[in-house]
Amino acid sequence: MVKNTYTQIKEIKEYAICNKIPIMQDAGIDFLTTFIIKHQIKNVLEVGTAIGYSAIMMSLCSPNLKVTTIERDEHRYMEALKNIKKMNLEDRITPIFNDALNVKLDDKYDLIFIDAAKAQNIKFFELFERNLNPEGYIITDNMYFHGLVKKNEKEIVSRNLRGIVRKIKDYITFLKNNDRYNTTIYDVGDGIAVSEKKTK
Ligand code: SAH
Ligand code: MG
């Protein structure tokens, strides 16, 4: 039986839920794909592939879009390869198996999508902004971190989670103080930051 795209996407989402893989929420995917279409994005660099779900959804929204995506977890990377193949998107999605902090790329991208280790957002931003086209955008997911960023810190019991929340707050400060970009945080999904390069 030839499965249709909808069924395949549903299976990828179900796999993510069963295996507790934090893929982007539907509202976030809608936002991202609408953004890609509206701004005529041609190529994307994604930090944090997981099992390829968001890379696949981005590719499906725009027929010529190319996505390069980085994942450091081997098991997830292998699953992403399988999913990309299953969706026949091997010619448009280039997965890289490595820690993003060790990846040096020469290409330029219209959009850099950061969705990996939340405590390292500043590092990812600083490392990859050199790969951004002059009119490009950097989008970062999980600015609310499952709602925890809006909570009073005292209510967050886990020390580890408190640490991540603090790092996200530091990242928000970093974005606000960054005079090369204008950043807006959208109240969509788990909070999405869009940083636009200022043109002189
Ligand atoms: N964008 C995906 C979800 C990514 S989940 C989607 O919406 O479908 C975040 C992923 O980032 C995890 O799989 C994790 O292994 C990966 N990750 C975290 N830190 C990383 C790093 N430094 N380099 C590469 N991948 C990283
Ligand atoms: Mg995310």
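Scroll up for the structure.
Residues numbered from 1 in each chain as written. Chains lettered and ligands numbered in written order. Predicted model: local features only at pLDDT ≥ 70, side-chain atom pairs only at ≥ 80, totals over all residues. Heavy atoms only, no water.

J.: Would you mind going over the packing of aromatic side chains with me for this structure?
T.: Each aromatic ring pair is specified by the distance between its two centres and by the angle formed by the two planes. Counted according to the given criterion, the structure contains eight aromatic pairs. Ring centres of Phe35 and Tyr137 lie 4.9 Å apart, and the angle between their planes is 90 degrees; this geometry places the pair in the edge-to-face category. You can see Phe35 sitting in helix α2 (residues 26-38) and its partner Tyr137 sitting in strand β5 (residues 132-140), a full 102 residues away along the chain. Grouping residues by exposure puts Phe35 and Tyr137 together as buried. Between Phe125 and Tyr171, the ring centres sit 6.4 Å apart and the planes meet at 70 degrees, which makes this aromatic pair edge-to-face. In this pair, Phe125 is assigned in helix α5 (residues 121-128) and Tyr171 in helix α6 (residues 159-177), connecting sequence segments 46 residues apart. By way of ring pairs, the aromatic residues Phe31, Phe35, Tyr137 and Tyr186 are connected into one cluster. The aromatic ring of Tyr144 is capped on one face by Lys150, whose charged end is 4.1 Å from the ring centroid. (Phe/Tyr/Trp six-rings, centres within 6.5 Å; stacked < 30°, edge-to-face > 60°. Helix = DSSP H or I, 4+ residues; strand = E, 2+ residues; numbered from the N terminus. Buried < 20%, exposed > 50% of the residue type's maximum accessible area, 1.4 Å probe, protein only. Lys NZ or Arg CZ within 6 Å of the ring centre and 35° of its normal.)

J.: Just to check I follow, could you spell out the pattern of salt bridges for this structure?
T.: When their charged atoms lie close together, side chains carrying opposite charge are able to pair. If you walk through the whole model with that rule in mind, you get nine salt bridges. Notably, a salt bridge pairs Arg180 with Glu129, separated by 2.7 Å at the nearest N-O pair. You can see Arg180 sitting in the loop between α6 and β6 (181-186) and its partner Glu129 sitting in the loop between α5 and β5, a full 51 residues away along the chain. Given the relative accessible area of 13%, Glu129 is considered buried. (Salt bridge = Lys/Arg side-chain N within 4 Å of Asp/Glu carboxyl O.)

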